[in-house]
Amino acid sequence: MAFHHVRPHKRSLIGVHPALDKIVYVAGIISLLMMIPQLKLIYGEKIAGGLEPITWFTLAALDIPWIIYGLVHREKPLVFIYTGWLVANALIFIGAIIY
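Residues numbered from 1 in each chain as written. Predicted model: local features only at pLDDT ≥ 70, side-chain atom pairs only at ≥ 80, totals over all residues. Heavy atoms only, no water.

Focus: the nonpolar core
Here is step 1: Counting residues in hydrophobic clusters, the biggest one holds 12 residues: Leu-32, Met-35, Leu-39, Ile-42, Ala-48, Leu-51, Trp-56, Ile-81, Trp-85, Ala-88, Ile-92 and Ala-96.
Here is step 2: Put simply, the parts of the chain that give this core at least two residues each are helix H2 (36-44) and helix H4 (76-98).
Here is step 3: When residues of this core are assigned to their parent elements, the largest contribution, 5 residues, is made by H4.
Here is step 4: Excluding residues within four positions of it along the chain, Leu-32 makes contact with Ile-81, Gly-84, Trp-85 and Ala-88. (Core = buried A, V, L, I, M, F, W, Y, C linked by side-chain atoms within 4.5 Å. Buried < 20%, exposed > 50% of the residue type's maximum accessible area, 1.4 Å probe, protein only. Helix = DSSP H or I, 4+ residues; strand = E, 2+ residues; numbered from the N terminus. Contact = heavy atoms within 4.5 Å.)

Have a look at this one:
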């Protein structure tokens, strides 16, 4: 008898922690909102001193595997949060180059 399928399939666990799903979305939104002052400083006041473009490029690039992982595993919170982070990190990268 093969035991490689003993664990329940992931789909059977969906909805087990709906409160945790909501907390993750809220945390993701709050963390992204915390980027607004940085973006305002860069694009509003045109100040990007001290920002290293390579850091923000790397952070943006490393968001892509997380988005793909979330899509493959159908993890909507990961896709949502890391897509937002990709946009935010890319905007900071671009601002660090321009200003």
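Quick notes on the packing of aromatic side chains
Here is step 1: What the rule picks out here adds up to 5 aromatic pairs.
Here is step 2: For the pair Phe-57 and Phe-93, a centre-to-centre distance of 5.4 Å together with 55 degrees between the ring planes defines the contact as tilted. Of this pair, Phe-57 sits in helix H3 (residues 53-72) while Phe-93 sits in helix H4; the two residues are 36 residues apart in sequence, bridging distant segments of the chain.
Here is step 3: In textbook terms, an aromatic cluster arises when at least three aromatic residues are bridged by ring pairs, as seen for Trp-66, Tyr-69 and Tyr-82. (Phe/Tyr/Trp six-rings, centres within 6.5 Å; stacked < 30°, edge-to-face > 60°.)

A few points about the packing of H3 against H4
Here is step 1: Packing of H3 against H4 leaves a shortest axis separation of 8 Å and a crossing angle of 160 degrees. Between H3 and H4, the angle falls in the class roughly antiparallel. For the pair H3 and H4, the sense of crossing is left-handed. Facing Pro-53, Trp-56, Phe-57, Leu-59, Ala-60, Asp-63, Ile-64, Trp-66, Ile-67, Tyr-69, Gly-70 and Leu-71 of H3, the residues of H4 in contact are Leu-78, Val-79, Tyr-82, Thr-83, Trp-85, Leu-86, Asn-89, Ala-90, Ile-92, Phe-93, Ala-96 and Ile-97.
Here is step 2: Tallied by class, the residues present in the contact of H3 with H4 amount to 20 nonpolar, 3 polar and 1 charged. (Axes fitted to C-alpha atoms, helices over the stretch in contact; angles between N-to-C directions. Parallel < 35°, antiparallel > 145°, perpendicular 65-115°, else oblique. Left-handed = near helix turned anticlockwise from the far one by under 90°. Nonpolar A, V, L, I, M, F, W, Y, C, P; charged D, E, K, R; others polar.)

A closer look at a nonpolar patch on the surface
Here is step 1: A surface patch of nonpolar side chains, amounting to about 650 Å² of accessible area, comprises Val-26, Ile-29, Ile-30, Leu-33, Met-34, Ile-36 and Phe-80.
Here is step 2: Examining the composition of the nonpolar patch, we find that 4 residues originate from one element, helix H1 (residues 18-33), more than from any other.
Here is step 3: You can see Val-26 is positioned in helix H1. (Patch = residues over 30% accessible without salt bridge, like charges linked within 9 Å, V, L, I, M, F, W, Y side chains within 5 Å. Areas by Shrake-Rupley, 256 points an atom, 1.4 Å probe, with all protein chains shown as cover. Salt bridge = Lys/Arg side-chain N within 4 Å of Asp/Glu carboxyl O.)

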